[in-house]
Amino acid sequence: MTDDRLPTAILGASGYIGQHFARLLADHPQFAPPLLVGTGRSHGQRLGDVWVLAEPPPASLEPVRLVASTPAGLVRAGVRVAFSALPSGTAGPLESELVRRGVSVFSNASDHRLDPQVPLLVPEVNADHLAIARTARAGRGLLVTNPNCSTTGLVLALAPLVGLLRPRVVHVTTFQSLSGAGYPGVPSLAIADNVVPYIPAEEEKMARESARILGRRRGTTVAEAPFPVLASCARVATREGHLESVVVEATRSPTHAKITEAWARFDPLAGLGLPTAPHPPVELHGGSDRPQPLRDRWAGSPARARGMAAVVGRVRWEFPYLRFFVLSHNAVRGGAGGSVLNAEYALARGAIPSRRS
Ligand SMILES: NC(=O)c1ccc[n+]([C@@H]2O[C@H](COP(=O)([O-])OP(=O)(O)OC[C@H]3O[C@@H](n4cnc5c(N)ncnc54)[C@H](OP(=O)(O)O)[C@@H]3O)[C@@H](O)[C@H]2O)c1
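### Some thoughts on the pairing of strand β1 (residues 8-11)
Working step 1: With burial as the criterion, each face of β1 is covered, one bearing Thr8 and Ile10 and the other bearing Ala9 and Leu11.
Working step 2: As paired elements, β1 and strand β4 (residues 81-84) share four bridges and run parallel to each other. Each bridged residue has a counterpart across the sheet, and for Thr8 the counterpart in β4 is Val81.
Working step 3: In this sheet, strand β2 (residues 35-38) lies alongside β1 in parallel orientation, the contact comprising three bridges. Each residue of the ladder has a partner; that of Leu11, found in β2, is Val37.
Working step 4: With helix α1 (residues 16-25) bridging β1 and its parallel neighbour β2, the resulting β-α-β unit is right-handed.

And the structure:
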């Protein structure tokens, strides 16, 4: 039996997002088990040796050794799709080089998120933005980014409401988990018994990335959404899952029932058969004290989409203010899972170029 799955690599496989990629790609139906790429620091170590997630490593990849490689080396190894979990700054030039060499890259890093010809994609929200991708020149790969982890939950929750409420302004206050800072992340003595009301550059990222994702595509450009997102971001001592308190100041006044119905009906990827797509992507929780990171971070079905759904709760509506909480898994929906879903969507649309001949 031939294996027609696309050959893949994880860049930054020893890191927090890299390990979530390994979990999601170990037995993926469309992407072959990945090459695990690290730096000289992790070269030669087994994935199991560097594993830090609470879930066990996938049995098939646990004994696989990390390798240090170059873009040329990845091309020689036959890699078609690279999932990037590289630190920002390092990611940009490496990703560009891979794309020039014909490898398609799905990235978590911020370097290319606001490039005019690079889609910043959350497929349930702005699938049509894939069309701005610059792949015109023969031999180039596709480059697609996913947003900052706190932006993903916010735009998923807002997308079904934008037309209904026509927001004047959106206020969001975040309670972001420790893993959002990667591994080893925040020093324990800085965060134990504490909340830190500052995450470098996070508020600006939320504002700019939300405006772009919720913006309208016109041809190959995107006109930003017309309302501002005013963010206040805090780091709290949870392990995974970003909780956000959202206040939408609306200019329209639909009924409460219309608002909850808009969330309940929202499932734009239904019927596409994308393995990692959660159905529904936004789960409405009626509990008076939900969503909570500990209890709701793994929301999402089917099983492959665990951690991919955003959970909305504590909905309060008194025109012009809609208030609610939203929770999403920063490292899955806001990280590795977001990239894998983007790749599945691009593949379904025939947007991943075939190998350079
Ligand atoms: N954590 C989240 O929730 C989250 C969510 C969305 C997006 N992101 C983004 O995803 C990326 C990865 O974040 P993370 O949280 O996984 O960070 P992390 O735990 O610090 O991992 C970083 C990884 O990058 C590798 N690396 C460092 N320098 C490198 C270089 N010069 N060349 C190649 N690889 C290098 C490291 O490999 P070695 O161990 O081999 O040195 C390590 O595996 C970042 O851009 C981050 O902003 C993170």
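### So, the environment of Pro184
Working step 1: Among the secondary structure elements, Pro184 is positioned in the loop between β7 (167-176) and α8 (188-191).
Working step 2: What makes Pro184 exposed here is its relative accessible area of 68%.
Working step 3: In the structure, Pro184 is positioned 169 residues away from Gly15 in sequence and 9.1 Å away in space, judged by C-alpha atoms.

### With respect to the site of the ligand
Working step 1: Neighbouring residues of the ligand: 24 residues in total, closest Ser14, Ile17, Thr39, Ser42 and Leu86.
Working step 2: A distance of 2.8 Å is found between an oxygen atom of the ligand and a backbone nitrogen or oxygen belonging to Gly15.
Working step 3: The side chain of Ser42 places a nitrogen or oxygen atom 2.5 Å from an oxygen atom of the ligand.
Working step 4: In isolation the ligand exposes 910 Å². Once the protein is present, 79% of that is buried.
Working step 5: Those elements that place two or more of their residues in the shell around the ligand are α1 and α12 (332-348).

### Digging into the sheet that holds β7
Working step 1: Pairing is mixed in the open sheet, where six strands are placed in the order β10-β7-β11-β14-β13-β12. The sheet is open, and its two edges are formed by β10 (229-235) and β12 (282-285), each paired on a single side. Across this sheet, the average inter-strand angle for adjacent strands is 20°, counted without regard to direction.
Working step 2: In this sheet, strand β14 (residues 321-328) lies alongside strand β13 (residues 310-318) in antiparallel orientation, the contact comprising six bridges. Each residue of the ladder has a partner; that of Arg316, found in β14, is Arg323.
Working step 3: Across the face of the sheet, helix α6 (residues 149-158) comes into contact with β7, β10, β11 (242-250), β12, β13 and β14 while running at roughly 45° to β11.
Working step 4: Where helix α10 (residues 256-265) meets the sheet, it contacts β12, β13 and β14, and its direction lies at approximately 165° from that of β13.

### Description of the pattern of salt bridges
Working step 1: Tallying each qualifying case throughout the model produces 11 salt bridges.
Working step 2: Its salt-bridge partner being Arg290, residue Asp296 comes within 2.8 Å of it at the nearest N-O pair. Each member of the pair, Asp296 as well as Arg290, carries the same accessibility label: buried.
Working step 3: Here the salt bridges share partners, and the residues they tie into one network are Glu97, Arg100 and Arg101.

### Brief notes about unusual backbone geometry
Working step 1: With an omega dihedral of 5°, the bond running from Tyr183 to Pro184 counts as a cis peptide bond.
Working step 2: Cis geometry marks the peptide bond from Phe319 to Pro320, where omega comes out at 5°.
Working step 3: Along the polypeptide, Pro320 turns up in the loop between β13 and β14.
Working step 4: The backbone of Ala201 shows a phi angle near 70°, a positive value even though the residue is not glycine.
Working step 5: Checked against the element boundaries, Ala201 lands in the loop between α8 and α9 (202-213).
Working step 6: Of note in this structure, Arg314 is not a glycine but carries a positive phi near 50°.
Working step 7: Looking at where Arg314 falls in the secondary structure, it is placed in strand β13.

What counts and what doesn't
- Residues numbered from 1 in each chain as written.
- Predicted model: local features only at pLDDT ≥ 70, side-chain atom pairs only at ≥ 80, totals over all residues.
- Heavy atoms only, no water.
- Buried < 20%, exposed > 50% of the residue type's maximum accessible area, 1.4 Å probe, protein only.
- Helix = DSSP H or I, 4+ residues; strand = E, 2+ residues; numbered from the N terminus.
- Pairing = 2+ DSSP bridges.
- Right-handed = clockwise from strand over helix to strand, strands pointing away.
- Near = heavy atom within 4 Å.
- Polar contact = N/O pair within 3.5 Å; in protein donor to acceptor, adjacent residues only side chain to side chain.
- Areas by Shrake-Rupley, 256 points an atom, 1.4 Å probe, with all protein chains shown as cover.
- Axes fitted to C-alpha atoms, helices over the stretch in contact; angles between N-to-C directions.
- Contact = heavy atoms within 4.5 Å.
- Salt bridge = Lys/Arg side-chain N within 4 Å of Asp/Glu carboxyl O.

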